[in-house]
Amino acid sequence: MAESDAIDDLLIEQRKFPPSESFKKRTLVAGTHLYDEASEDYESFWARQASELVTWNTPWHTVCEWDLPFSKWFVGGTLNVSYNCLDRHVLAGKGDKVAFHFEGEPGDTRTVTYSQLLDEVQKFSNALKSLGVTKGDRVNIYMPMIPEAAVAMLACARIGAAHSVVFGGFSSQALADRINDAEAKVLITADGGWRRGEVFPLKQYADEALQSTPSIEHVVVVKRGGNDVSMTAGRDNWYHDLIAKADPVCPAEPMDAEQLLFLLYTSGTTGKPKGIMHTTGGYLTHVAYTHKYVFDLHPDEDVYWCTADVGWVTGHSYIVYGPLANGATQVMYEGVPNFPANDRIWSIVEKYKVTIFYTAPTAIRTYMKWGVEEPAKHDLSSLRLLGSVGEPINPEAWMWYHEHIGGSRCPIVDTWWQTETGGIMISPLPGATTLKPGSATFPVPGVGAEVVDDSGKAVSRGGGYLTLTHPWPGMLRGIWGDPQRYKDTYWSRFEGRYFAGDGAKLDDDGYLWLLGRVDDVMNVSGHRISTTEVESALVSHPAVAEAAVVGANDATTGQAIIAYVTLVGGASADEQDLRNHVAKEIGAIAKPKTVYFTPDLPKTRSGKIMRRLLRDVAEGRNLGDTTTLADASVVSELQKRAAEAPSED
Ligand code: PRX
């Protein structure tokens, strides 16, 4: 293996955080035995997880059938996902255990136990059957973050219908496109949900979509917002009416391990969204295993809170399927983090004595912007473990999270994975791994990952492309209706390897550092520079809360680095200061040519920075597709400034 020059390795981070003695005392895994076992034979390792963590109706005969790039796991086995998430806990005497502490944005609360959840899921399963849903059908879900979203997903799983959840913040057009691609028969939605103190009219958006979705036969509407809605006779049904008349018993039918569990659409860089396919036995094994060991779950003591929305894969894998399969107690919160005030999240942590908290770097950087006084208002001493997902976490954001949320005592698991991978792939095990701020550290036991250079050769140190070297149980089974696109997108760049577009580097100790999407890598005077490293250098300046950098065409250097920076509330810094800071942190080659200050950055609705748009702005182009943007006004403001400001050398 060699060093690679595919992407330069510029930022060096030396701080190390081994697990504390007190954390190690209670942890599930303090040594290397899982790594040793998995590296010996990964298939047997996964088979052991499948038999220990999942209840099967019929045992499998083959662990993995691998016909590159198509895999099947636990072939011949049958199981029911909803049985695994509900019935078996109730049968084990844990029916009164809390599954969800639900907190609505207006402050209303509900406590949902495992037996209540099972009752509701059985009734709703029968309701779906009464609407003609049968095994193999697709059901669309377009809901706020309320327990009924989980009920809807589990009811589909119980009867073998595949769900396709569309995030409640998406437009009618996005919903219609996804319904039509999946040819869904039923849509489950709500009248409205609460967001920033107001009700957003979900049913109205659904009605607009329904004008162009011929496959939909019935609509189910949960009452949540209390807003007026129009109900179409013969098509639309109130959820509570269906539940009231449903038969309370719906036995969980065993499903084939490879039965389609869900589709989840992810927007690629180009073209129409891809319906990522996930199946039953392998997926459940993967999410139960990673939820247990990455979050060091003690199901009878922990209160776990993942702040994602069920509309994203994180909500599927680490709110619904992983935690419920493991019998965890969770917090589910409906609204935004700053309603009624900037300390809402921390007040919820204090109220429910949350022990494990899993969120995204974009949220952490927002909390940084709001200032340390917000978390300081609350007792966060119940927390023992923190997690991060969705983007590279800049070392300084990691340090802030560690210190101000984790009280310098909680390990942070930085978890790299994708909609396509189904579950966590690269992450520390918190009782076993010495952490480095900003590094996702190592593949979890059972996963094979390597960084390769342009020619596909594995590198032992330096930057390159992150690839996965062998199949894993939660892997996508394909793209709905488009097997060729599946091959082309993930399996064609490097032979025999899965590549989903991220850059990464290995340091001297073999730690993995994610460098962002390779489409975003900048080429400055022949140096391939990762956006993540320059952004992290900027964020390490005490005045900077958040930064996005892009490479814009430049007559002299090929591309020049343009930075967009958001300052910490009340702080000030000037352009020259920040340019020099980057030069000091990682070298003059990475100095931004221009720095723009902005109160906000353009982000997708799941919180990822949209660098493509910033590139368009920097190069004075008309903006392409902005429909996935969370707040379009941010970009027009930046465009105005770009047009006014002369760039500086
Ligand atoms: O670029 C990586 C980034 O998010 C992408 C996957 O996005 P999505 O399918 O929406 O799933 C997000 C939740 C799993 C990846 O290709 N990403 C995700 N987690 C990390 C990350 N980048 C760096 N570090 C992470 N921990």
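J.: Can you help me understand the pairing of strand E12 (residues 218–222) in this one?
T.: With respect to burial, E12 is a largely interior element, five of its five residues being buried. Covered by surrounding structure in E12 are His218, Val220 and Val222 together with Val219 and Val221, the residues of both alternating faces. Across five bridges, strand E9 (residues 186–190) lies against E12 in parallel orientation. By the bridge assignment for E12, Val186 is matched with His218. Sheet topology places E12 next to strand E13 (residues 236–238); three bridges connect them, and they run parallel. Residue pairing across strands places Val219 opposite Asp236, the latter belonging to E13.

J.: Whenever I open this one, the sheet that holds E12 confuses me. Can you help?
T.: Working definition: the strands of a sheet are paired by backbone hydrogen bonds and lie parallel or antiparallel to each other. Ordered in space as E13-E12-E9-E7-E8-E15-E16-E24, the eight strands form an open sheet in which the pairing is mixed. Since the sheet does not close on itself, it has two edges, and those belong to E13 and strand E24 (478–479), each with one partner. Note: strand E7 (residues 138–142) against strand E8 (residues 162–165), four bridges, orientation parallel. Directly across from Val139, in E8, lies its bridge partner His163.

J.: Is there a simple way to explain the packing of aromatic side chains in this structure?
T.: Here the distance between the centres and the angle between the planes together describe a pair of aromatic rings. The final tally for this structure, using the stated rule, is 38 aromatic pairs. For the pair Phe124 and Tyr239, a centre-to-centre distance of 5.0 Å together with 45° between the ring planes defines the contact as tilted. Highlighted residues: Phe124 in helix H5 (residues 114–130) and Tyr239 in helix H9 (residues 239–245), separated in sequence by 115 residues. Look at Phe124 and you get buried, because its relative accessible area is 0%. Arranged with centres 5.4 Å apart and planes meeting at 10°, the rings of Tyr490 and Tyr498 form a pair that is stacked. Put simply, the rings of Trp66, Phe70, Trp472, Tyr486, Tyr490, Trp491 and Tyr498 pair up and form one aromatic cluster. Directly above the aromatic system of Phe170 lies the positively charged group of Arg178, at a separation of 4.9 Å from the ring centroid. In this structure, Lys436 is placed above the aromatic ring of Tyr511, and the distance from its NZ or CZ to the ring centre is 4.4 Å.

J.: Before we go on, may I ask you to explain the pattern of salt bridges in this structure?
T.: When the charged atoms of two side chains with opposite charge come close together, those side chains can pair. Evaluation of the coordinates by the stated rule reveals 48 salt bridges. Here Lys24 ties to Glu21 by a salt bridge, and the two come within 3.5 Å at their closest N and O atoms. In this pair, Lys24 and Glu21 are both assigned in helix H1 (residues 21–26), three residues apart and thus about one turn of the helix distant. Owing to a relative accessible area of 31%, Lys24 belongs among the partly exposed residues under this scheme. Between Lys603 and Glu546 there is a salt bridge; the shortest N-O distance is 3.1 Å. Taken together, the positions of Lys603 in the loop between strand E31 (594–597) and helix H19 (611–618) and Glu546 in strand E29 (residues 544–554) put the pair 57 residues apart, joining distant regions of the chain. Both residues of the pair, Lys603 and Glu546, count as buried.

Criteria and thresholds
Residues numbered from 1 in each chain as written. Predicted model: local features only at pLDDT ≥ 70, side-chain atom pairs only at ≥ 80, totals over all residues. Heavy atoms only, no water. Buried < 20%, exposed > 50% of the residue type's maximum accessible area, 1.4 Å probe, protein only. Helix = DSSP H or I, 4+ residues; strand = E, 2+ residues; numbered from the N terminus. Pairing = 2+ DSSP bridges. Phe/Tyr/Trp six-rings, centres within 6.5 Å; stacked < 30°, edge-to-face > 60°. Lys NZ or Arg CZ within 6 Å of the ring centre and 35° of its normal. Salt bridge = Lys/Arg side-chain N within 4 Å of Asp/Glu carboxyl O.

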